[in-house]
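So the chains spell out like this:
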Amino acid sequence: AAKTPVAKDLSVKFLDQAKPTSVNDKWDFWVFSLSGNAFLMGETQYRDGSYYASASANRVTPALKVRTQVYGNWSHNWFDLGGGEIYTSSRHGYGTYGLVVKSLGEHWSVGGYLEAESSTYSNVKLSLTAAPAVEYDVFPYSDSTRRQLRILYRLGLTRALYYEETVYLKTAETLFQGALNIAYEVVRPWGKASVQLQGSHFFHDLSKNRVELEAELEFRVWRGLSLTVDGSYTRIRDQLGLSAEGASLEDILLRQRQLATGYDYSFSVGFNFSFGSTRSNVVNPR
């Protein structure tokens, strides 16, 4: 009938009431991802090695979302300057975070975020952050398989300990920060596209702030394998952890220390492979 001239005069109505049904998932809605890479190179007077590893475990249901990750990165450089003079340098960073989000209907959700990190590059010996947040999706969350327009506000309390005294004469401090994030995402059979804008500031000094714009394209290749292309640009005015001692020429050339800057940008292309539950990624996008 749909292929005849009367198709324009026909409509279809489902007479029964569709009811939610439970899903039997052998992974209990958990999705696990492992990532790692190593880069090694060298010659007579130079050797360099860098490594990165991460592991994540995420569980998503209509009522609750849980995300966790542990990561670490290491790098080491070795130089023979001649005359028996050897120069070496190293850098490392470690961290973990956890996110729990509770559903409050088709448009609202609330949650909390915990993070711990350490980075010689950022002069952070230990940073502990707790941040409750609230989110509103302009479109119903049930439309998340096609589109999302989320607005999120987060308040964060951070206790930071530094390796060296900062340019603000601090070896430790407690910081209160606010952040607003707006994200738009569309999903199509070929993959998805997203863009998000985030602004944040510290309450003790509103001039210490940053604004960040990110965009990402993800193309489905095969099953859990996808090709991703993403880029970002950040306007930076909140580098509170910069070392008062500054950086040596070697530190600058080898990027062993964070330097004062007004912006940064990035672009990347890569592959991602995920395995586990095939259902949870469309259950709760909060």
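Refer to the structure printed above.
Attention in this report is confined to the structure presented alongside it. Just so we're clear, the structure is a prediction, and the values are computed from it rather than from any experiment.

1. Notes on the overall build of the protein chain
A count of helices and strands for the protein chain gives one helix and 13 strands. Over its C-alpha trace the protein chain gives a radius of gyration of 24 Å, far above what one expects of a compact globule, namely 19 Å for 286 residues. For the C-alpha atoms alone, the extent of the protein chain along its principal axes is close to 90 × 50 × 35 Å. Counting only carbon and sulfur atoms, one obtains 59% of the accessible surface of the protein chain, whose full area is about 18200 Å². Within the protein chain, one finds 30 positive and 29 negative side-chain charges whose respective centroids are separated by 11 Å.

2. Let's talk about the pairing of strand S4 (residues 85-103)
Pairing of strand S3 (residues 64-82) with S4 involves 18 bridges; the strand directions are antiparallel. Bridge pairing in S4 links Gly82 to Glu85. In sequence, S3 turns back onto S4 through a hairpin of two residues, with Gly83 there showing a positive phi of about 65 degrees. With eleven bridges connecting them, S4 and strand S5 (residues 108-119) associate as antiparallel partners. Each bridged residue has a counterpart across the sheet, and for Lys102 the counterpart in S5 is Val110. Following S4, the chain reverses through four residues before pairing antiparallel with S5; Gly105 in that reversal takes a positive phi of roughly 115 degrees.

3. Some thoughts on unusual backbone geometry
At Asn123, a position not held by glycine, the phi torsion is positive, near 65 degrees. Within the secondary structure, Asn123 sits in the loop between S5 and strand S6 (124-137). The buried category is assigned to Asn123, whose relative accessible area is 4%. Within the chain, Leu169 stands out as a residue other than glycine whose phi angle is a positive 65 degrees. Along the chain, Leu169 falls in the loop between strand S7 (147-162) and strand S8 (172-188).

Rules and cut-offs
- Residues numbered from 1 in each chain as written.
- Predicted model: local features only at pLDDT ≥ 70, side-chain atom pairs only at ≥ 80, totals over all residues.
- Heavy atoms only, no water.
- Helix = DSSP H or I, 4+ residues; strand = E, 2+ residues; numbered from the N terminus.
- Rg over C-alpha atoms; globule rule 2.2 N^0.38 Å.
- Areas by Shrake-Rupley, 256 points an atom, 1.4 Å probe, with all protein chains shown as cover.
- Lys, Arg positive; Asp, Glu negative; His and termini not counted.
- Charge placed at Lys NZ, Arg CZ, Asp CG, Glu CD.
- Pairing = 2+ DSSP bridges.
- Buried < 20%, exposed > 50% of the residue type's maximum accessible area, 1.4 Å probe, protein only.

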